[in-house]
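# Notes for the structure review
Each chain, letter by letter, is given below.
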There are 2 protein chains.
Amino acid sequence: MSEVEEPMRLVHLLRGLTVELDLFGAEFAAGNGLHPTDLRALIHLLDAARAGEVVTPGRLGEALRLNSAGTTGLVDRLERLGLIRRERDPQDRRRVRLLVEDRAMELGQGFFGGLIGDLLAAMRRFGPGELETAGRFLEAMTTVVAAARQGTREQRGGGATPARGSS
Amino acid sequence: MSEVEEPMRLVHLLRGLTVELDLFGAEFAAGNGLHPTDLRALIHLLDAARAGEVVTPGRLGEALRLNSAGTTGLVDRLERLGLIRRERDPQDRRRVRLLVEDRAMELGQGFFGGLIGDLLAAMRRFGPGELETAGRFLEAMTTVVAAARQGTREQRGGGATPARGSS
DNA sequence: GCAAGTGTCTCGCTGAGCGAGAGAATAATC
DNA sequence: GATTATTCTCTCGCTCAGCGAGACACTTGC
């Protein structure tokens, strides 16, 4: 009806989409004996591997907001599942390199690969101009969320927000 | 070449956006002494309240894919935080209605409200036609993910959706 | 009344993640 | 070359979310 409704619908669409993607990931994880955290770790590791970056337990834990103990447990699980392998860094022998096994590649590929294929197929029904618009839109939304994330983090301890708990 | 690259860029944008939204939610949760599950429950409850639907522990647990025991624990936590209230259904006294307290409304409003305002502001920089395109795009992507979710569930020797327990 | 069905909660347990700190290696200073 | 500080990773003990199994309360059908 009014110009106010369409944007609000988009907000709900955005949330709905993230919910679906979350559920998709959660079900994939559960179906493969993984926890959501394990899956996020796997994604991070695969991304890094593709970018040719070296991942250590420290970096992984930082990315996932886990403490060192939790990270060790996570790496143990992934290693036990045969998805990654530990290897001492010969340059700095305090460090441990996390190497992704083929099994993990296949797991990620066979699953997300299918989804990505479907997404690309659906995109083919949009014109180049439309895709460009969608891209700009997604970028704008991502920027807003990222900025809001920064903002609320600063609020905590300064503004009128109660910000309870936290000893 | 750009005809192949642009869609792939969109895929990564989608994932990046969901990651940002997830982190946003997780930080909000942590900042308020909630767990991710608690937050998801709260969103579900607020949605239902706005739609005028009655939520019972059973329905909530089903929506969040939680065990009845886990659901009881979840409801206990939310009640202890003063976010919801239990109330026996006078029609069917086996049932418990989950009533959202004002405090929960404020929590959701004061936080997501701000984000939504920012998102709407950013959308104002797009024309009506562009917003329509973005909406169709989001709908298409959501449909694909939802369909993929169904597909993989069936792959898993599943059969009729268990809806609960089983496995 | 009694039996079957449904909705919620209790009990005991597993395991992810936390805080604290130990251990091993490197880097910096004398 | 030894000593100290720094940087990674891992171990220990603990808390608590969520699971499986089953108890309890209530409703419906006979």
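Procedures and definitions
Residues numbered from 1 in each chain as written. Chains lettered and ligands numbered in written order. Predicted model: local features only at pLDDT ≥ 70, side-chain atom pairs only at ≥ 80, totals over all residues. Heavy atoms only, no water. Core = buried A, V, L, I, M, F, W, Y, C linked by side-chain atoms within 4.5 Å. Buried < 20%, exposed > 50% of the residue type's maximum accessible area, 1.4 Å probe, protein only. Contact = heavy atoms within 4.5 Å. Buried area = accessible area lost by both parts, 1.4 Å probe. Salt bridge = Lys/Arg side-chain N within 4 Å of Asp/Glu carboxyl O. Polar contact = N/O pair within 3.5 Å; in protein donor to acceptor, adjacent residues only side chain to side chain. Helix = DSSP H or I, 4+ residues; strand = E, 2+ residues; numbered from the N terminus. Nonpolar A, V, L, I, M, F, W, Y, C, P; charged D, E, K, R; others polar. Expected span 1.5 Å × (residues − 1). Near = heavy atom within 4 Å. pLDDT = per-residue confidence, 0-100. Least-squares fit on C-alpha atoms with pLDDT ≥ 70 in both. Arc of directions from axis to C-beta.

## Focus on the nonpolar core
Counting 87 residues, the largest nonpolar core has Leu60(A), Phe137(A), Met141(A), Leu60(B), Phe137(B) and Met141(B) as its most contacted members. With residues near it in sequence (within four places) discarded, Phe137(A) still touches Leu10(A), Met123(B), Phe126(B), Leu131(B), Ala134(B) and Leu138(B).

## What to know about the interface of chain A and chain B
Each partner contributes to the interface: chain A provides 54 residues, whereas chain B provides 56 residues. Carbon and sulfur atoms make up 72% of the surface buried where chain A meets chain B, a total of about 5,700 Å² over both sides. Remark: the boundary between chain A and chain B carries 12 salt bridges. A salt bridge links Arg149(A) to Glu27(B); its shortest N-O distance comes to 2.7 Å. For the pair chain A and chain B, the number of links is 10 residue pairs in polar contact (both at pLDDT 80 or more). Of all the secondary structure elements, the ones that give two or more residues to the side of chain A that touches chain B are α1 (5-31), α2 (36-50), α5 (102-123) and α6 (128-155) of chain A. Examining the composition of the side of chain A that touches chain B, we find that 20 residues originate from one element, α6(A), more than from any other. Per-class residue counts for the side of chain A that touches chain B are 29 nonpolar, 7 polar and 18 charged.

## Quick look at helix α5 (residues 102-123) of chain B
Residues separated by three or four positions in an α-helix point in the same direction, a consequence of the helix having 3.6 residues per turn. In a regular helix each residue adds 1.5 Å, so 22 residues correspond to 32 Å; α5(B) covers 29 Å between its end C-alpha atoms and thus fits that length. When α5(B) is considered as a whole, its buried residues turn out to be Ala104(B), Leu107(B), Gly108(B), Phe111(B), Leu115(B), Leu119(B), Ala122(B) and Met123(B).

## A look at the protein's contact with DNA strand D
Among the 21 residues in the neighbourhood of DNA strand D, the closest are listed as Gly58(A), Ser68(A), Arg86(A), Thr37(B) and Arg94(B). Sugar and phosphate atoms constitute 69% of the interface atoms of DNA strand D, taking the interface as everything within 4 Å of the protein. Take Thr37(B): an N or O atom from its side chain is 2.5 Å from a phosphate oxygen of DNA strand D. Those elements giving two or more residues to the surface near DNA strand D turn out to be α3 (57-64) and α4 (68-80) of chain A together with α4 (68-80) of chain B. Partitioned by chemical class, the residues of the surface near DNA strand D number 5 nonpolar, 8 polar and 8 charged.

## Some details on the protein's contact with DNA strand C
What surrounds DNA strand C is a group of 21 residues, the closest being Thr37(A), Ala69(A), Gly58(B), Ser68(B) and Arg86(B). Among all atoms of DNA strand C positioned within 4 Å of the protein, those belonging to sugar or phosphate total 65%. Between DNA strand C and Asn67(A), the relevant distance is 3.0 Å, taken from a phosphate oxygen to a main-chain nitrogen or oxygen of the residue. For the surface near DNA strand C, the secondary-structure elements that each account for two or more residues are α4 of chain A together with α3 (57-64) and α4 of chain B.

## Side note on unusual backbone geometry
Positive phi is not limited to glycine here, since Arg65(A) has a value of about 60 degrees. With respect to the helices, strands and loops of the structure, Arg65(A) is situated in the loop between α3 and α4.

## Quick word on the pattern of salt bridges
Residues and elements named next belong to chain B. Applying the stated criterion across every chain, the model contains 29 salt bridges over all chains. Where Arg-136 meets Glu-132, a salt bridge forms, and the shortest distance between an N and an O atom there is 3.1 Å. Within this pair, Arg-136 and its partner Glu-132 are both found in helix α6 (residues 128-155), separated by 4 residues, close to a single helical turn. Given the relative accessible area of 30%, Arg-136 is considered partly exposed. For Glu-132, a relative accessible area of 38% corresponds to the partly exposed category.

## Some thoughts on the confidence of the model for chain A
Mean pLDDT over chain A stands at 86; residues scoring 70 or higher make up 88%. Predicted confidence is poor over residues 156-167 of chain A, with pLDDT under 50, and the contacts of this stretch with residues over four places away or in other chains come to 8 contacts.

## Looking at the relation of the copies chain A and chain B
Once turned by 180 degrees and shifted 0.0 Å along the axis, chain A lies on chain B with an RMSD of 0.1 Å. The operation mapping one copy onto its partner corresponds to a two-fold rotation axis. By residue overlap, the copies meet face to face through one surface: 98% of the interface positions of chain A are interface positions in chain B.

## Looking at α3(B)
Residue and element names in this part refer to chain B. Within the sequence span of α3, burial applies to Leu-60, Gly-61 and Leu-64. Looking straight down α3, one finds that the buried residues subtend no more than 95 degrees of arc, so they occupy a single side. Contact partners of the buried residues in α3: α2 (36-50), α4 and β2 (96-100). Phi turns positive, to about 60 degrees, at Arg-65, one or two residues after α3.

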